[in-house]
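Spelled out, the chains give:
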Amino acid sequence: MGLKKVYITKLVVLALLLGIGCSGDDDDTEYGNWVESSSFDGDARGNAVSFVIGDKGYVVSGYDGDDYLSDLWEYNKAGDYWVRKADFPGVARSGAVGFSIDGKGYFGTGYDGDNKLKDFWSYDPETDSWTQKADFGGSERYAAVGFAVSGKGYIGTGYDGSELKDFWQYNPDTDEWNQAVGFGGDKRKNALSFTINDKVYMGTGLRNGAYQNDFYVFDGNSETWTRLKDLDDDDEDYSVLLSNGVAFTLNGMGYITTGTSSGVSTTLWEYDPILDVWDEASDFEGSARQDAISFNFSDKAFVLMGRSGSYYFDDNWEFRPYEELDEDD
């Protein structure tokens, strides 16, 4: 399965949405377009944290090549502009994780240049204020995975001096952490995840310098993990092996892009959760990079910032899967 299948599929979907037919003459039309949006108003950076509350996206922390950062910025997707909000009051850091539950952002772990961290905080956009919460239940770490599903938060994997595979569940009602069992995958750092409905899909990352090929789904309702097809499937002819990438969800499909494999990448991979299969889609149109972040709204998705070597980015790109590819927009 390759590019042509993805483009034809998107054309058929677009035709159905518009109520028109499509002819064979259009089979080679490429769909999946990237459009540059308002660039980030703060310093260019990599390894920041993002979370979404309602129709606003938030960026906090990161590293700009010289300093670890603690500033917080809000992105208004409707107006395509940025507003600086209350700085994070804890230690400036990079490599942390974040997620949102019930109108609040949650943020913790990371690395401050000297120490691995396990403190944990919430951000309330209504009051533009931060509150320290119970420390993360596992060991101090960075390069972990964090997500929220079914009203609970989860942090797992990462690096505390060696790669990890433990997961911990956070209950925002009681401000308590409990170890979550059942993940049978390998240890790793710099993995990623994306959420479709009440299921979280997780994979990629590094263990002992090797790219991990196992891929899992976590059901937030039953709190169980299930292994899916590996990320390198010879029969289906794809290989989604990378580290330090970024993921998002749009229209019921999962996407992975950027990151490192043989070098920094612009490849975009699309995941169909019904078929449990990956297809290569239209490349990310920004510069190749790692350590980017994403905003995932119900109707829009963005990939922004990151770095390539010692160069740090402040650009912001929206992905439009059913729009005809235009490399000049």
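Here the structure is shown first, and the text comes after it.
In short, a report on the structure. Computed from a prediction, not measured in an experiment: that's the story for all the values here. (Residues numbered from 1 in each chain as written. Predicted model: local features only at pLDDT ≥ 70, side-chain atom pairs only at ≥ 80, totals over all residues. Heavy atoms only, no water.)

Turning our eyes to something else, we now look at the overall build of the chain. Assigned secondary structure in the chain consists of 1 helix and 30 strands. Projected onto its principal axes, the C-alpha coordinates of the chain cover approximately 60 × 40 × 40 Å. The burial tally for the chain puts 53% of its 329 residues in the buried class. Sequence-distant contacts in the chain: of pairs separated by 6 or more residues, those separated by 24 or more amount to 50%. Of the roughly 13600 Å² of accessible surface on the chain, 40% is carried by carbon and sulfur atoms. Of the charged side chains in the chain, 27 are positive and 61 negative, and the gap between their average positions amounts to 6 Å. (Helix = DSSP H or I, 4+ residues; strand = E, 2+ residues; numbered from the N terminus. Buried < 20%, exposed > 50% of the residue type's maximum accessible area, 1.4 Å probe, protein only. Contact = heavy atoms within 4.5 Å. Areas by Shrake-Rupley, 256 points an atom, 1.4 Å probe, with all protein chains shown as cover. Lys, Arg positive; Asp, Glu negative; His and termini not counted. Charge placed at Lys NZ, Arg CZ, Asp CG, Glu CD.)

What follows deals with the environment of Val 60. Relative to the elements of secondary structure, Val 60 occurs in strand E3 (residues 56-60). Through-space distance from the C-alpha of Val 60 to that of Val 49 is 5.4 Å; in sequence the pair is 11 residues apart. Beyond its immediate sequence surroundings of up to four residues, Val 60 is in contact with Ala 48, Val 49, Phe 51, Ser 70, Asp 71, Leu 72, Phe 88, Phe 107 and Trp 130.

Here we take up the packing of aromatic side chains. The full count for this structure, using the stated rule, is 56 aromatic pairs. Ring geometry for Tyr 123 against Trp 130: centres 5.1 Å apart, planes inclined by 50°, an arrangement best described as tilted. The pair Tyr 123 / Trp 130 is uniform in exposure class, with both members buried. Between Phe 167 and Phe 183 the ring centres are 5.4 Å apart and the planes differ by 75°, which places this aromatic pair in the edge-to-face class. Here the residue Phe 167 occupies a position in strand E12 (residues 167-171), and Phe 183 occupies one in the loop between strand E13 (176-180) and strand E14 (192-196), the gap between them amounting to 16 residues. Phe 183 carries the same exposure label as Phe 167, and that label is buried. (Phe/Tyr/Trp six-rings, centres within 6.5 Å; stacked < 30°, edge-to-face > 60°.)

With that out of the way, let us pick up the sheet that holds strand E22 (residues 246-250). If you trace the 4 strands from one edge of the open sheet to the other, you get E22-E23-E24-E25, paired in antiparallel fashion. Each edge of the open sheet is held by one strand with a lone partner, namely E22 and strand E25 (277-281). For this sheet, the mean angle separating the axes of adjacent strands, direction not counted, is 25°. Bridge analysis of strand E23 (residues 253-257) against strand E24 (residues 268-272) gives 4 bridges, and the strand direction is antiparallel. Within the sheet, the bridge partner assigned to Tyr 255 lies in E24 and is Glu 270. (Pairing = 2+ DSSP bridges. Axes fitted to C-alpha atoms, helices over the stretch in contact; angles between N-to-C directions.)

Core analysis: the largest hydrophobic core is formed by 17 residues, its most contacted members being Phe 194, Tyr 201, Phe 215, Val 240, Ile 256, Tyr 271 and Trp 278. For this core, the elements supplying multiple residues, two or more each, are E14, strand E18 (215-219), E24 and E25. Among the elements that line this core, the one with the most residues is E14, at 3 residues. With near-sequence residues (within four places) excluded, Val 240 lies in contact with Thr 204, Leu 231, Ile 256, Trp 269 and Trp 278. Listed in part, the 14 residues of the second largest apolar core include Phe 248, Leu 250, Met 253 and Leu 268. (Core = buried A, V, L, I, M, F, W, Y, C linked by side-chain atoms within 4.5 Å.)

Side chains that differ in charge, positive against negative, can pair when their charged atoms come close. For the structure shown, the criterion picks out 13 salt bridges. Between Arg 207 and Asp 186 there is a salt bridge; the shortest N-O distance is 3.9 Å. Here Asp 186 lies in the loop between E13 and E14 and Arg 207 lies in strand E16 (residues 206-207), a separation of 21 residues in the sequence. Close ionic contact of Arg 320 with Glu 318 constitutes a salt bridge, the shortest N to O distance being 3.3 Å. The exposure class of Arg 320 is partly exposed, given its relative accessible area of 29%. For Glu 318, a relative accessible area of 7% puts it in the buried group. Members of the salt-bridge network, linked through shared partners, are Glu 318, Arg 320 and Glu 323. (Salt bridge = Lys/Arg side-chain N within 4 Å of Asp/Glu carboxyl O.)

Along the chain, the position of Gly 286 falls in the loop between E25 and strand E26 (293-296). Taking the relative accessible area as the measure of exposure, Gly 286 reaches 11% and is therefore buried. Expressed as a C-alpha distance, the spacing of Gly 286 and Ala 143, which sit 143 residues apart in the sequence, is 23 Å. Those residues within four positions of Gly 286 in sequence are excluded, and the remaining contacts are Thr 266 and Trp 317.

Attention shifts here to the pairing of strand E19 (residues 224-227). Alignment of E18 against E19, held across 4 bridges, turns out to be antiparallel. Its bridge partner lying in E19, Phe 218 is registered against Trp 225. Hairpin connection from E18 to E19: 4 residues lie between these consecutive antiparallel strands, with Glu 223 at a positive phi of about 55°.

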